[in-house]
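# Reading the structure
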Amino acid sequence: MKHRVKWLVVFLIQNVHEVEEDTQFMDTALRELMELEAHPSIAIAGCISTTSLSQTLVVELDKAVLGKGRVFNFVVEILFGADKSKKRVRVLEELPSVSGLQDLATVTGIFNTLRGYFDYEHVLLTTLDHGSGFAIFDPPDAPPRLHSLAHRYKLKKHRAAHPAKAKKPQKRTVAAFRAAVLRSTKDAEPCGLTMDKLHQAIKSTFGKVDVIFMRNCFMQTFDTGYTLREVTRYLVAFESLMWFPAFDYVIWFNAMQAKGAGLSPDQVVTGAIRGLTRTRMQERYRTDSAVFGNELSFYPQLNEMMNKIGRAQSE
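Residues numbered from 1 in each chain as written. Predicted model: local features only at pLDDT ≥ 70, side-chain atom pairs only at ≥ 80, totals over all residues. Heavy atoms only, no water.

### Describing the overall build of the chain
For the chain, the helix and strand inventory stands at ten helices and ten strands. Residues classed as buried in the chain amount to 48% of the 315 residues present. Within the chain, residue pairs in contact and separated by at least 24 positions form 77% of the contacts whose partners lie at least 6 positions apart. Here the chain has roughly 17,300 Å² of accessible surface; of this, 54% comes from carbon and sulfur atoms. (Helix = DSSP H or I, 4+ residues; strand = E, 2+ residues; numbered from the N terminus. Buried < 20%, exposed > 50% of the residue type's maximum accessible area, 1.4 Å probe, protein only. Contact = heavy atoms within 4.5 Å. Areas by Shrake-Rupley, 256 points an atom, 1.4 Å probe, with all protein chains shown as cover.)

Next comes the structure, spelled out in structure tokens:
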């Protein structure tokens, strides 16, 4: 029999880079979540992909996960508010451990597993790992990187010299410009779970989720929001760096629980932002972090407006 709730909170967590530090922060968040009071309207479940089983997981998992490769991948439900004498992380399924969460089929399978265990009215999807502008969950063997062309354009060193002779302006055709861009991006293709893949995974399973909250760096970009506009109403994400100690899940979930059965998607978004703004954090985290909650229904009009501006500038 399926567990019926109003809100299903689905998390995707990957921990394959900077494992020692990230494990510490994720363990803290996990313990805080388990200490929350149980709430009949909310269930928390998802996938943990990690190269290290932390002490908290070893103690709280209700059955052992084997992990035949470098990465442990397992779908769980967090039984928050449960008796401390019981196991509070229920294993729903163990996945092949060849890689992390980069594959479309893997993420689609996770979502389908959760749909088989829960009957829900609303879905909140939250992700946690490194971000790179248009992709999350870098493969275990690939260092996290920001997919940007900015590093390719360097200012030339100033030289004290005679003024150069004026040259005739060269005509730049669209084809020539396109070829230059393709040459510059040959090794800058996003790796990991791209937003196109995430779009496909949501569309083929949940159809649409109410809110996506990305605990990943640099994911509040226009391209990300535009790609996800058909499969979610709100995108909450960091425009800048995201530091693990800079967000408080307890503030967020307490705000959600306080609304009870009347919880709405915009209140979920508001609570997520307060989880950052009300966190007691070091100054460097505060000045480096900027999170926004955007309603994506406006993005098609915004895209058209940007196209008009671009065409006007080129005329």
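### What about the nonpolar core?
Formed by 47 residues in total, the largest nonpolar core has its most connected members in Ile44, Leu124, Phe213, Trp252, Phe253 and Met256. Ranked by residues supplied to this core, first place goes to helix H1 (residues 19-35) with five residues. Excluding residues within four positions of it along the chain, Phe253 makes contact with Val9, Leu33, Leu36 and Ile44. In terms of nonpolar packing, the next biggest core, distinct from the first, is built from 37 residues, Val10, Leu12, Val107 and Phe134 among them. (Core = buried A, V, L, I, M, F, W, Y, C linked by side-chain atoms within 4.5 Å.)

### Brief notes about the packing of helix H3 (residues 104-117) against helix H5 (residues 195-203)
The packing of two helices is summarised by the inter-axis angle and the distance between the axes. Here H3 crosses H5 at 30°, and the two axes come no closer than 9 Å. The element H3 and its partner H5 pack so that their crossing is right-handed. On H5, the residues touching Leu104, Val107, Thr108 and Phe111 of H3 are Lys197, Leu198, Gln200, Ala201 and Ile202. Residue composition of the contact of H3 with H5, grouped by class: six nonpolar, two polar and one charged. (Axes fitted to C-alpha atoms, helices over the stretch in contact; angles between N-to-C directions. Left-handed = near helix turned anticlockwise from the far one by under 90°. Nonpolar A, V, L, I, M, F, W, Y, C, P; charged D, E, K, R; others polar.)

### So, the pattern of salt bridges
Taken as a whole and judged by the stated rule, the model has nine salt bridges. The salt bridge partner of Arg31 is Asp27, with a shortest N-O separation of 4.0 Å. One end of the pair, Arg31, and the other, Asp27, are both in helix H1, four residues apart, so they sit about a helical turn from each other. A relative accessible area of 39% places Arg31 in the partly exposed class. The structure contains a network of salt bridges with shared partners spanning Glu35, Glu60, Lys84 and Arg88. (Salt bridge = Lys/Arg side-chain N within 4 Å of Asp/Glu carboxyl O.)

### Description of the packing of aromatic side chains
For any pair of aromatic rings, the description rests on two quantities: the centre-to-centre distance and the angle between the ring planes. According to the stated counting rule, one finds eleven aromatic pairs in the structure shown. Taking 5.8 Å as the distance between ring centres and 70° as the angle between the ring planes, the aromatic pair formed by Tyr120 and Phe206 counts as edge-to-face. Of the two residues, Tyr120 sits in strand E5 (residues 118-128) while Phe206 sits in the loop between H5 and strand E8 (209-215), which places them 86 residues apart along the sequence. Residue classification places Tyr120 among the partly exposed residues on the basis of a relative accessible area of 23%. Centre to centre, the rings of Phe247 and Trp252 are 5.9 Å apart; their planes meet at 80°, and the pair counts as edge-to-face. (Phe/Tyr/Trp six-rings, centres within 6.5 Å; stacked < 30°, edge-to-face > 60°.)

### Details of the side chain of Thr232
Examined against the element boundaries, Thr232 turns out to sit in strand E9 (residues 232-238). Its relative accessible area of 1% is what places Thr232 among the buried residues. Here Tyr234 takes part through its backbone oxygen, which lies 3.1 Å from a polar atom of the side chain of Thr232. When residues no more than four places from it in sequence are discounted, the contact partners of Thr232 are Lys208, Val209, Asp210, Val211, Ile212 and Leu296. (Polar contact = N/O pair within 3.5 Å; in protein donor to acceptor, adjacent residues only side chain to side chain.)

### Section: empty space enclosed by the protein
One pass over the full model with this rule turns up one cavity of 30 Å³ or more. Lining the largest cavity we find 26 residues, and of these Ile13, Met26, Leu30, Ile48 and Leu128 sit closest to its centre. For the lining of the largest cavity, the secondary-structure elements that each account for two or more residues are strand E1 (3-15), H1, strand E2 (42-50), strand E3 (72-78), E5 and helix H7 (249-259). At six residues, the largest contribution of residues to the lining of the largest cavity is made by H1. Looking at the lining of the largest cavity, its residues break down into 18 nonpolar, seven polar and one charged. (1 Å grid on protein atoms, 1.4 Å probe; cavity = no way out; pocket = protein on both sides within 12 Å on 5 of 7 lines; lining within 4 Å. Points joined across faces, edges and corners; volume = space filled by probe spheres on them.)

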